[in-house]
Amino acid sequence: IMQFNLQDFNILEFLAMSGNEDIAKTLKEKTIAGKVTVKSDKFSLNQKEKPSGLSIFLSQGMTDIIPIQGGVKDVELNAILEQNNLLVHKLTGSAASGTFSIQGSVKDIFSSQLLNFDISCSGINLDSLLPQTSSGVPRFQGIADLKATITGQGLQQDQLMQGLTGSGSLKVDKPVFKNMNILRMAFDKMDMIPGLVTRLRENLPEKYTEVLKQNDTNFKLMDITYTISQGKLIFKNASVESD
């Protein structure tokens, strides 16, 4: 049994020694913390053999590798490294005011790196996923639940995104487009026809008169299925409805 804190472990040096210099470069100046426990009845590590027969446990993990406001916290991991294959039984944590859960595997992790994962996210604040903007700039907000089953190859972002495939669903509760009233914008575009906007406003039901006064555009619950191909999200028969 071996126990250590990630913040005291030179991850960059270990990755470089194991032939993953590119990954090491992407992690430079990034925070990775947590308590790690490694167990093994039979463990072999030399120049000719890759590490195998390891049970890996992580608790109290946190990192800012993923570009999310506040980073990823409360990470718990239960995984096994066996015959160059990483089997992830449990990877959970909190991010963007919500939680996530991942299960799957990375086959041949030291070379071909074939990925297969089931991902579930709940209560994710979409506003936290977007870069910060100045006050008054239009931005989309909502609370999202996401499910996905994905396959891919390679741990490098560019390589992974190009070969990523899978499917899933996205549900967004309380979706709103802040600082932009789409109905009011549509009315403004009609000003080219003399008198039209005035007559429309005079005959609008009270509900839409109130909608015109708002600064934002509120949408109804979004429940969308999608597929992933070559790193692209593909939405079919998606319905988006607002006032």
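Residues numbered from 1 in each chain as written. Predicted model: local features only at pLDDT ≥ 70, side-chain atom pairs only at ≥ 80, totals over all residues. Heavy atoms only, no water.

(A) Region of the structure containing the overall build of the protein chain. Counting its regular elements, the protein chain contains six helices and 12 strands. Computed over its C-alpha atoms, the radius of gyration of the protein chain comes to 24 Å, more than 25% above the 18 Å expected for a compact globule of 243 residues. Each principal axis of the C-alpha distribution contributes one length, and for the protein chain these read about 85 × 35 × 25 Å. Looking at the 243 residues of the protein chain, the share that counts as buried comes to 28%. (Helix = DSSP H or I, 4+ residues; strand = E, 2+ residues; numbered from the N terminus. Rg over C-alpha atoms; globule rule 2.2 N^0.38 Å. Buried < 20%, exposed > 50% of the residue type's maximum accessible area, 1.4 Å probe, protein only.)

(B) Fine view of the packing of helix H4 (residues 182-189) against helix H6 (residues 206-213). Two numbers describe how H4 lies on H6: the axes approach to 7 Å, and their chain directions differ by 95°. Comparing their axes, H6 and H4 come out roughly perpendicular. In this structure, H4 contributes Leu183, Arg184 and Phe187 to the contact, and H6 contributes Tyr208, Val211, Leu212 and Lys213. Along the lines of polarity and charge, the residues of the contact of H4 with H6 split into five nonpolar, no polar and two charged. (Axes fitted to C-alpha atoms, helices over the stretch in contact; angles between N-to-C directions. Parallel < 35°, antiparallel > 145°, perpendicular 65-115°, else oblique. Contact = heavy atoms within 4.5 Å. Nonpolar A, V, L, I, M, F, W, Y, C, P; charged D, E, K, R; others polar.)

(C) How the structure looks around the pairing of strand S3 (residues 54-63). The pairing of strand S2 (residues 32-39) with S3 spans seven bridges and is antiparallel. Across the sheet, Thr37 pairs through a bridge with Phe57, a residue of S3. Pairing between S3 and strand S4 (residues 72-82): seven bridges, direction antiparallel. Each residue of the ladder has a partner; that of Ile56, found in S4, is Ala79. (Pairing = 2+ DSSP bridges.)

(D) Region of the structure containing the environment of Gly231. Summarising the element assignment, Gly231 is placed in the loop between strand S11 (222-229) and strand S12 (232-235). With 66 residues separating them in the primary sequence, Gly231 and Thr165 have C-alpha atoms 6.9 Å apart. Apart from the residues within four sequence positions on either side, Gly231 is in contact with Met161, Gln162 and Leu164.

(E) Here's a closer look at the pattern of salt bridges. Going through the model one piece at a time under the given rule, you end up with four salt bridges. Across the pair Lys178 and Asp216 runs a salt bridge whose closest N-O atoms are separated by 3.1 Å. Residue Lys178 is found in strand S9 (residues 165-178), and its partner Asp216 is found in the loop between H6 and strand S10 (217-218); the two are separated by 38 residues along the sequence. Judged by its relative accessible area of 17%, Asp216 is buried. Note that Glu241 and Lys220 form a salt bridge whose closest N and O atoms lie 3.2 Å from each other. Linking Glu241 in the segment after S12 with Lys220 in the loop between S10 and S11, this pair joins segments that are 21 residues apart in sequence. Classification of Glu241 by relative accessible area gives partly exposed; the value is 44%. (Salt bridge = Lys/Arg side-chain N within 4 Å of Asp/Glu carboxyl O.)

(F) Spotlight on unusual backbone geometry. Even without a glycine there, the phi angle at Asn84 is positive, about 70°. Mapping Asn84 onto the fold places it in the loop between S4 and strand S5 (85-95). The phi torsion at Ser97 lies on the positive side, around 65°, for a residue other than glycine. Looking at the element boundaries, Ser97 is found in the loop between S5 and strand S6 (98-107).

(G) A look at the confidence of the model for the protein chain. With 91% of its residues at a pLDDT of 70 or more, the protein chain shows a mean pLDDT of 87. For the protein chain, the element scoring lowest by mean pLDDT is helix H2 (residues 21-26), at 70; S6 scores highest, at 97. (pLDDT = per-residue confidence, 0-100.)

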